[in-house]
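# Structure at a glance
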Amino acid sequence: MKLLTRYNQYTITVMIIIFIFTGIISYLSIKQILMNELDKGLLKDKDLVQQYIGQHHSFPVVTSFNRVDIRFEPNHQVLSKPYFKTLIKSRVPGRTYTLRQLLFTTRLGEKNYLVEITNELEGTKNMTKLVFTTTLLTIFILIITTLLINALLMTKLWRPFYQVLTEVKGFRINQSKQPDFPETQIDEFNFMISCLSIAISDAAENYRILKEFTENASHEIQTPLAIIRSKLDLLVQHEGLTDKETTSLRSAYGAIKKLSLINRDLLLITKIENHQFENKIKIDLLPTIEAKIIEFQELWQMSRLELRTDLHPAEIIISKELIDILINNILSNATKHNRANGKIIIQLKPASFEVANTGIDHPLDENLIFKRFYKMNHNDDNNGLGLSIVRQICQASGIEIGYKYAEGLHVFIFFW
């Protein structure tokens, strides 16, 4: 839900509650005011009646006296003071009307009379309808006005915020261009832009330092490793070594070789995570995979692996270097973890690539196979980084990767 929509919900809800409350208060207040005015009018009528009786010694003509209903009834009791009461009567079935009545006693001649002065309260009902209608109309007008103001004003006020989000969304840390944030007169937005500018500058600087470290490490570490390997080569070929010394040197040589591969793969993962392979192009996978099959053909024949292929033209937008690494790693994985007289099945479709191979007779742990240094078995030649690199390439290239075990085959599927 958008912020403006949520803001409108709160605003309209509060407005409706306030207007309902004020409408009720207004209704009760107006009703009481009208009742007090009506009571004052009845008291004036009382004074006029008593004045008329005192002057004429008779009762006034009721039908023409101030449009009120006045009744005189003999009464032996004398009221200590006048009092009011409200009556509800019905003229026709289903329709009622309200009356306000003032009762007091007066004396005419030798008798006491109870005087009832009655007037209708229809004005209160009409005023109630007016207040209710006015309240609803006011609420409706204010809601529409608020929505229009919010749609116009709030959209204009929040425009810099969305411009900032657009700039941040388009920012790439491996590019030298910094986001072009808009100028605004709103303090909160200026504070947000200031914080984002500092964070982006720090991130860009950290990325530059890390990139330089990666590039330097790739050169500085590989060079001494290469020197050590060459020296070990010379020592292994020395004729004066005993069998035990030769075995130790060969073990050291293998460890150095493995360390060199681990260093190379870790540096590759770091480069992928740092988005150093952003030169994506459209690549036709069919000739690429066919070339890789030719490269592996001799190795598969030596391992007595049966190859089955179902290849169709397919295109993907990706770094040429990364797709080459991905295909090489997944085919190497299918080769290393296969068994004698096993199978490798390669399928290529317009939007998917699938590699299946025989191997151990149970499924692998889907939560671990793409983790770094995870090994399917205790093969010393495997450093456990091949599938981790494959996953990193997929994440960087927008490719979905999946694994399943079906009919004795370990299947890796790629979708794009």
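Structure: see above.
Report on the accompanying structure. Keep in mind that what you see is a predicted model, and the values were worked out from it rather than measured.

Rules of the game
Residues numbered from 1 in each chain as written. Predicted model: local features only at pLDDT ≥ 70, side-chain atom pairs only at ≥ 80, totals over all residues. Heavy atoms only, no water. Core = buried A, V, L, I, M, F, W, Y, C linked by side-chain atoms within 4.5 Å. Buried < 20%, exposed > 50% of the residue type's maximum accessible area, 1.4 Å probe, protein only. Helix = DSSP H or I, 4+ residues; strand = E, 2+ residues; numbered from the N terminus. Contact = heavy atoms within 4.5 Å. Salt bridge = Lys/Arg side-chain N within 4 Å of Asp/Glu carboxyl O. Phe/Tyr/Trp six-rings, centres within 6.5 Å; stacked < 30°, edge-to-face > 60°. Lys NZ or Arg CZ within 6 Å of the ring centre and 35° of its normal. 1 Å grid on protein atoms, 1.4 Å probe; cavity = no way out; pocket = protein on both sides within 12 Å on 5 of 7 lines; lining within 4 Å. Points joined across faces, edges and corners; volume = space filled by probe spheres on them. Nonpolar A, V, L, I, M, F, W, Y, C, P; charged D, E, K, R; others polar. Axes fitted to C-alpha atoms, helices over the stretch in contact; angles between N-to-C directions. Parallel < 35°, antiparallel > 145°, perpendicular 65-115°, else oblique. Left-handed = near helix turned anticlockwise from the far one by under 90°. Pairing = 2+ DSSP bridges. Expected span 1.5 Å × (residues − 1).

Time to look at the nonpolar core. Counting 42 residues, the largest nonpolar core has Phe 353 and Phe 414 as the members making the most contacts within it. Listing elements by their share of this core, those giving two or more residues are α4 (243-273), α5 (285-302), β7 (315-319), α6 (320-336), β8 (343-349), β9 (352-357), α7 (386-397) and β11 (409-415). The residues contacting Phe 353, other than those within four sequence positions of it, are Ile 289, Ile 327, Ile 330, Ile 346, Gln 347, Leu 348, Phe 412, Ile 413, Phe 414 and Trp 416. In this structure, Ile 70, Phe 104, Leu 108 and Tyr 113 belong to the second largest nonpolar core, which totals twelve residues.

As a further point, take the pattern of salt bridges. Using the criterion set out here, one finds nine salt bridges in the structure. Its salt-bridge partner being Glu 315, residue Lys 282 comes within 4.0 Å of it at the nearest N-O pair. Of the two residues, Lys 282 sits in strand β5 (residues 280-284) while Glu 315 sits in strand β7, which places them 33 residues apart along the sequence. What makes Glu 315 partly exposed here is its relative accessible area of 48%. Its salt-bridge partner being Glu 306, residue Arg 308 comes within 3.0 Å of it at the nearest N-O pair. Overall, the relative accessible area of 38% leaves Glu 306 in the partly exposed class. Salt bridges here are not isolated pairs; linked through shared partners, they connect Lys 292, Glu 295 and Asp 324.

The next subject is the packing of aromatic side chains. On inspection of all chains with the given rule, the structure shows ten aromatic pairs. Across the ring face of Phe 104, the terminal group of Lys 46 is positioned such that the distance to the ring centre comes to 5.4 Å.

Before going further, it helps to spend a moment on the layout of surface pockets. Computed from the structure, the second largest pocket encloses a volume of approximately 160 Å³. What lines the second largest pocket is a set of eleven residues, and nearest its centre among them are Asp 69, Arg 71, Lys 89, Leu 99 and Thr 118. Of all the elements in the fold, those that place two or more residues in the lining of the second largest pocket are β1 (69-74), β2 (83-92), β3 (95-108) and β4 (111-120). Class assignment of the residues belonging to the lining of the second largest pocket gives a composition of two nonpolar, three polar and six charged.

With that settled, the discussion passes to the packing of α4 against α7. At their nearest, the axes of α4 and α7 sit 10 Å apart, and the two run at 15° to each other. Judged by the inter-axis angle, α4 sits roughly parallel to α7. You can see that α4 and α7 cross each other, and the crossing is left-handed. Where α4 abuts α7, its residues Asp 265, Leu 268, Ile 269, Ile 272 and Glu 273 lie against Ser 388, Ile 389, Gln 392, Ile 393 and Ala 396. Its residues placed into classes, the contact of α4 with α7 shows six nonpolar, two polar and two charged.

Our next topic: the environment of Lys 44. Considering the arrangement of structural elements, one finds Lys 44 in helix α1 (residues 3-56). The spacing of Lys 44 and Val 61 is 17 residues in sequence and 16 Å in space, taken between C-alpha atoms.

Taken together, five strands build an open sheet; the order of strands is β6-β8-β9-β11-β10 and the sheet is mixed. With one partner strand each, in any of the chains shown, β6 (306-311) and β10 (400-406) form the two edges of the open sheet. Averaged over neighbouring strand pairs, the angle between their axes works out to 10° when direction is ignored. Direction of pairing for β10 relative to β11: antiparallel, over a ladder of seven bridges. Bridge pairing in β11 places Ile 401 opposite Phe 414. Together, β6, β8 and β9 form the strand contacts of α5, whose direction differs from that of β6 by roughly 175°. Along the sheet, α6 contacts β8, β9 and β11; its crossing angle with β9, the most-contacted strand, is approximately 20°.

Our focus in this paragraph is the side chain of Thr 106. With respect to the helices, strands and loops of the structure, Thr 106 is situated in strand β3. With sequence-adjacent residues up to four places away left out, Thr 106 is seen in contact with Ile 53, Lys 111, Asn 112, Tyr 113 and Val 115.

For α7, with twelve residues, the first-to-last C-alpha span of 17 Å sits near the 16 Å given by 1.5 Å per residue. Within the sequence span of α7, burial applies to Leu 387, Ser 388, Ile 389, Val 390, Gln 392, Ile 393, Cys 394 and Ser 397. Check the buried side of α7 and you find it contacts α4, β5, β7, α6, β10 and β11. Remark: Gly 398 follows α7 within two positions and exhibits a positive phi of approximately 75°.

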